[in-house]
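Understanding the architecture of this molecule
What follows is the residue order along each chain.
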Amino acid sequence: MQNLKKQDPILFKLIRKELERENANLELIASENFAPSSVLEAQGSCLTNKYAEGYPGRRWYGGCEYIDEVENLAIQRAKKIFGAEHINVQPHSGSTANMAVYLSVLEFGDTVLALDLACGGHLTHGHVHNFSGRFYNIVTYGVDRRTEMLDYDAIEEIAKCCRPKMIVAGACAYPRIIDFKKFRQIADKVGAYLFVDMAHICGLVIAGAHPTPVPYAEFVTTTTHKTLRGPRSGIILCKKEFSDKIDKTVFPGIQGGPLMHIIAAKAVAFKLAMSQKFKADQFQTVKNALALAASLASYGFRIVSGGTDTHLLLVDLTNRRLTGRDASEILDKAKITVNKNLIPFDRLSPSVTSGIRLGTPAVTSRGMKEREMKKIAQALDILLRLGVSNNEIISVRDLVSAVTKQFPLYPELLKCKK
Ligand code: DSN
């Protein structure tokens, strides 16, 4: 980044500081990860210069011969890793991917059945201020009060009652395996489309560490930057019969020119996702989440639903007399990054919360294993107590520093002159 350093030293410094922060901190936000350098390079390439409205072979601009090859490569690779009939790689984000699915087959006012945000759903699954909550009649299902897991019989009852045109499955803060086959059966019983947002578990699905929704759902969307470890963006997978509708809704329906540098970076991420290393990392991500949950439970933390099957866990802090907001602030001081999160049937507001969400994708990408998860649990046990002292925070910061130094991030970038 020597040109950036010369021409915009202020911005160069900020990027450098963020690089150092990412390297020095323990990143436990379940939706974050570290894109490989090859993904960053494709994102930073000259493809950012090119307008390419339309689709390969059908563009509104000249000069798209290489751009077409880039997009086709991304599509072919995605088809291979997901086994999908049709792929649109142009959505700028997970939210626009979701918007395109709704707009392709629903009318405004149609009923959509989706997971309640308070039980782990996403904004685009019906939040009152989001387009989804404003355009559609959203009915929600939750988790069972006792098990804190999805209750498919209860979901079926709600579906039979509200007769949705679409059922949305998928979550941001649900730690258990989602049974997509059961969702398909429910959708069939009420004549609804099934739409799965697999953003969080995408990498696990590719590796076979979580069952795939692709055979069961008409529509599947995902972001590409979470467990998949690609650039910040989204894609849509659908059955062939909906390919025209989806493509037309993405462009010209809701987007103009595609971000070709990002599509190129997605193609790189899809290639890397075919490797044995990627597969092993995804299984290790789950093993690490299991180890972290078990270790935290041994310190007396209550893990929502009693554990995890995936890359994330929710920790209820009620018995520690801390809120999620307090916890996240304390952890920040010791360079451990998490997010506060509602737990099912939370009595606190979304900006305070009774819990935190922890995820293992980013620490696993750095090479950490069960041994480090035990150290992280020990650090959380020290920090998440009412009245933790400054000395304790400093001692954990030293522990974090020792662990992160063992697993350097982007070493070639850090070596560059400041
Ligand atoms: N905001 C993301 C998450 O943190 O789960 C979902 O898009």
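Computed from a predicted structure; not experimentally measured.

A short note on the overall build of the chain
Looking only at helices and strands, one finds 17 helices and 15 strands in the chain. Whereas a compact globule of 418 residues would reach a radius of gyration of roughly 22 Å, the chain reaches 22 Å, a difference of no more than 12%. C-alpha atoms of the chain, sized along the principal axes, occupy 60 × 60 × 40 Å. Within the span of the chain, comprising 418 residues, buried residues form 56% of the whole. In the chain, the share of contacts with a sequence separation of at least 24, taken over all contacts with a separation of at least 6, comes to 73%. As displayed, the chain has an accessible area near 18400 Å², and 53% of this comes from carbon and sulfur atoms.

Considerations on the sheet that holds strand β12 (residues 312-316)
Read from one edge to the other, the open sheet built from 4 strands follows the order β11-β12-β15-β14, with strand pairing classed as antiparallel. Looking at strand neighbours, the two that pair on one side only are β11 (302-303) and β14 (339-341), the edges of this open sheet. Both β11 and β12 contribute to a ladder of 2 bridges, which runs antiparallel. Its bridge partner being in β12, Ile303 is matched across the sheet by Val315. Running at roughly 15° to β12, helix α12 (residues 276-298) makes contact with β11, β12 and β15 (355-359) of the sheet. Strand contacts of helix α13 (residues 324-333): β14 and β15, with the helix running at about 50° to β15, the strand carrying the most contacts.

Focus: the state of the cysteines
Within this structure, the stated rule accounts for 0 disulfides. Cys162 provides the cysteine sulfur closest to Cys161, a residue in no disulfide bond, and the two sulfurs are 7.3 Å apart. You can call Cys161 exposed: its relative accessible area is 71%.

Some details on the pairing of strand β8 (residues 193-197)
With respect to burial, β8 is a largely interior element, 4 of its 5 residues being buried. As defined by bridge partners, strand β7 (residues 166-169) adjoins β8 across 4 bridges and the pair is classed as parallel. Pairing of Ile167 across the sheet is with Leu194, part of β8. By the bridge criterion, 3 bridges tie β8 to strand β9 (residues 219-223) in an arrangement that is parallel.

Topic: the site of the ligand
In the vicinity of the ligand, the contacting residues are Ser31, His122, Cys172, His200, Lys226 and Arg357. For the ligand, an oxygen atom lies 2.7 Å from a polar atom in the side chain of His200. Within the side chain of Arg357, one N or O atom sits 2.8 Å away from an oxygen atom of the ligand. Notes on the ligand: free accessible area 240 Å², of which the protein chains cover 64%. If you map the ligand onto the pockets, it falls in the second largest pocket. In terms of residue class, the shell around the ligand is built from 1 nonpolar, 3 polar and 2 charged.

Structural notes on empty space enclosed by the protein
Following the criterion strictly, the structure yields 5 cavities of 30 Å³ or more and no others. Considering only enclosed or pocket space, the largest cavity measures out at about 90 Å³ in volume. As for the largest cavity, its lining consists of 13 residues, and the residues nearest its centre are Ala171, Tyr174, Ile178, His200 and Ile201. Its residues assigned to classes, the lining of the largest cavity shows 6 nonpolar, 5 polar and 2 charged. Volume-wise, the second largest cavity comes out at about 50 Å³. Looking at the second largest cavity, the residues that line it are Ala84, Glu85, Val214, Ala217, Glu218, Phe219, Val220, Leu237, Cys238 and Lys239. Elements that contribute at least two residues to the lining of the second largest cavity include exactly β9 and β10 (234-238). Per-class residue counts for the lining of the second largest cavity are 7 nonpolar, no polar and 3 charged.

Considering helix α11 (residues 260-272)
For α11, built from 13 residues, the straight-helix expectation of 18 Å at 1.5 Å per residue is met to within 8% by its first-to-last C-alpha distance of 19 Å. Counted residue by residue, α11 has 10 buried out of 13 residues, so it is predominantly covered. Turning to α11, its buried residues number three or more, namely Met260, His261, Ile262, Ile263, Ala264, Ala265, Lys266, Ala267, Ala269 and Phe270. Packed against the buried residues of α11 are α3 (37-43), α4 (65-82) and β10.

Conventions used here
Within any chain, residue numbers begin from 1 and follow the written order of that chain's sequence. The model is predicted, so local features are restricted to residues of pLDDT at least 70 and side-chain atom pairs to those at 80 or more, both for listing and for counting; the totals for chains, interfaces and linings are taken over all residues. Hydrogens and water molecules were not included; the side-chain quantities draw on all heavy atoms of the structure. Secondary structure elements are taken from DSSP: a helix is a run of H or I of four residues or more, a strand is a run of E of two residues or more, and numbering for both begins at the N terminus. Only the C-alpha atoms count toward the radius of gyration. The rule for a globule is 2.2 Å times the residue count to the power 0.38. The buried label goes to any residue with under 20% of its type's maximum accessible area, the exposed label to any with over 50%, and the partly exposed label to all in between, with areas taken from a 1.4 Å probe on protein chains only. The contact criterion used is simple: two residues touch if any of their non-hydrogen atoms lie within 4.5 Å. All accessibility values rest on the Shrake-Rupley procedure with a 1.4 Å probe; residue burial counts only the protein chains present in the view. Strand pairing requires that DSSP identify at least two bridges connecting the strands. All axes are obtained by fitting lines to C-alpha atoms, using only the stretch in contact for helices, and the reported angles, taken between N-to-C directions, cover 0 to 180 degrees. By definition, disulfides here are pairs of cysteine sulfur atoms that lie within 2.5 Å. Throughout, near means a residue has at least one heavy atom within 4 Å of the molecule or strand. We call two N or O atoms a polar contact when they sit within 3.5 Å, provided that within protein one can donate a hydrogen and the other can accept it, with sequence-adjacent residues counted only if both atoms are side-chain atoms. Think of a 1 Å grid over the protein atoms and nothing else: a 1.4 Å probe that fits but is trapped marks a cavity, an open set flanked by protein within 12 Å on at least five of seven lines marks a pocket, and residues with an atom within 4 Å of a point count as lining. For this analysis, a molecule is said to be in a pocket or cavity if more than half of its atoms are within 2 Å of the grid points defining it. Note that Gly is not counted as nonpolar here; it falls among the polar residues with everything else outside the nonpolar set of Ala, Val, Leu, Ile, Met, Phe, Trp, Tyr, Cys and Pro and the charged set of Asp, Glu, Lys and Arg. Grid points are joined across faces, edges and corners, and a volume is the space filled by probe spheres set on the points. For a helix, the expected span equals 1.5 Å multiplied by the residue count minus one.

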